[in-house]
Amino acid sequence: MRVLVVEDQDDLREVVVETLREESFAVDESADGEEGLYKALNWDYDIVVLDVMMPVMDGWEVLEKLRREKQTPVLMLTALDQVRDKVKGLNHGADDYLAKPFDLTELVARVRAVMRRKGGDHRPEVTVGNVTINTTAKTLRLGDKKVEVTAREFAMAELMIKHRDEVVTRDFLYDHLFDENDESMSNMLDVYVYKLRQKFGKDFIKTRRGQGYIVKSI
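Quick caveat, the model's predicted, so the values are computed rather than measured. (Residues numbered from 1 in each chain as written. Predicted model: local features only at pLDDT ≥ 70, side-chain atom pairs only at ≥ 80, totals over all residues. Heavy atoms only, no water.)

Here we take up the packing of helix α6 (residues 151-162) against helix α7 (residues 170-177). With their axes 11 Å apart at the nearest point, α6 and α7 run at an angle of 125° to one another. Viewed along their axes, α6 and α7 adopt a mutual orientation that is oblique. Once α6 is placed against α7, the crossing between them reads as right-handed. Mapping the contact onto sequence places R152, A155, M156, L159 and M160 in α6 and F172, L173, H176 and L177 in α7. Classifying every residue of the contact of α6 with α7 by side-chain character gives seven nonpolar, one polar and one charged. (Axes fitted to C-alpha atoms, helices over the stretch in contact; angles between N-to-C directions. Helix = DSSP H or I, 4+ residues; strand = E, 2+ residues; numbered from the N terminus. Parallel < 35°, antiparallel > 145°, perpendicular 65-115°, else oblique. Left-handed = near helix turned anticlockwise from the far one by under 90°. Contact = heavy atoms within 4.5 Å. Nonpolar A, V, L, I, M, F, W, Y, C, P; charged D, E, K, R; others polar.)

Here's what the structure looks like:
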């Protein structure tokens with residue numbers, strides 16, 4: 001899953017970005033609202049983590065302009081903890097609201113919860129065939145056996161399972177698995193597909209020639 005973090009405080013932005021990457025997210029970042037809005041409008045993110053108080057363009061304006069064109073999920077970050085500020089954020093189209101200072105584990109939990117709600121699935125654990133994913137525990141099981149995977153393998157399995165029963169194109173996978181700094185070669189998708197098939201069986205991810213890949217729920 002690909003996340004955009006828009007936060008002008010360098011130290012906070014860096015720790016949020018690093019934390020999300022450790023949780024298997026592909027993460028882009030911006031230090032001001034204007035650049036953040038540009039990226040949010042020109043790339044398809046699974047969620048935007050958006051600070052309110054920023055130079056050039058504040059979070060309220062970014063959110064308002066984003067909502068004119070896209071319904072990308074948005075989690076607002078702010079030092080303002082007044083009820084009226086939370087109401088303002090939600091009324092402007094935010095999907096959730098987290099006041100500073102916050103615990104990083106809560107941030108991750110809220111990011112995942114917003115994406116589950118927007119994806120129409122509120123469950124942290126989903127089973128397709130004999131493969132079970134738990135996005136809270138970050139685990140994958142084959143039957144009752146836990147299977148060790150890399151962060152990128154987990155991210156790809158999570159994305160495919162989220163879009164189960166849909167044909168997912170290679171371009172879509174690139175857009176949601178790799179961030180703006182990733183220089184992975186084009187054959188890396190084939191490598192991850194191969195690794196996941198090795199671990200979960202050749203029928204876990206099926207190829208639709210000329211179209212992409214699909215994970216079937218049955």
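From this point, things continue past the structure.
Attention shifts here to helix α8 (residues 188-200). A rise of 1.5 Å per residue sets the reference length of α8, with its 13 residues, at 18 Å; its end C-alpha atoms lie 18 Å apart and thus fit the reference within 8%. Within the sequence span of α8, burial applies to L189, Y192, V193, L196 and F200. For α8, the angular spread of buried residues about the axis comes to 100°, placing them on one side. Where α8 is buried, its residues meet β7 (131-134), β8 (139-142), β9 (145-147), α6, α7 and β11 (212-214). In the stretch just after α8, G201 is the one whose phi turns positive, near 100°. (Expected span 1.5 Å × (residues − 1). Buried < 20%, exposed > 50% of the residue type's maximum accessible area, 1.4 Å probe, protein only. Arc of directions from axis to C-beta.)

Strand order in the open sheet made by the four strands is β6-β7-β8-β9, with antiparallel pairing throughout. Here the strands that pair on one side only, and so sit at the sheet edges, are β6 (125-128) and β9. Going from strand to strand, the sheet's axes swing by 25° on average, the running direction of each strand aside. Two elements, β8 and β9, share three bridges in a ladder whose sense is antiparallel. Within β9, the residue paired with R141 across the bridge is K146. Against the sheet, α6 touches β6, β7 and β8, its axis set at about 105° to β7. Contacts from α8 reach β7, β8 and β9 within the one sheet, and its direction differs from that of β8 by about 50°. (Pairing = 2+ DSSP bridges.)

Here S30 shows up in strand β2 (residues 26-30). For S30, the side chain forms a polar contact with the side chain of E35, separated by 3.4 Å. (Polar contact = N/O pair within 3.5 Å; in protein donor to acceptor, adjacent residues only side chain to side chain.)

This paragraph deals with the packing of aromatic side chains. Per the counting criterion, the structure on display carries three aromatic pairs. On the basis of an interplanar angle of 70° and a centroid distance of 6.1 Å, the ring pair of Y38 and W43 is categorised as edge-to-face. Residues F200 and F204 carry aromatic rings whose centres are separated by 5.5 Å and whose planes lie at 50° to one another, so their mutual orientation is tilted. In this structure F200 comes out as buried when scored by relative accessible area, which is 6%. (Phe/Tyr/Trp six-rings, centres within 6.5 Å; stacked < 30°, edge-to-face > 60°.)

As a further point, take the side chain of K100. Among the structural elements, K100 can be located in the loop between β5 (96-99) and α5 (104-118). On the basis of relative accessible area, K100 is assigned to the buried category, the value being 17%. Polar side-chain contacts of K100 include one of 3.0 Å to the side chain of D51. With residues near it in sequence (within four places) discarded, K100 still touches E7, Q9, L12, D51, L77, T78 and A79.

So, to be careful, I would describe these as geometric facts and stop short of saying anything about function.
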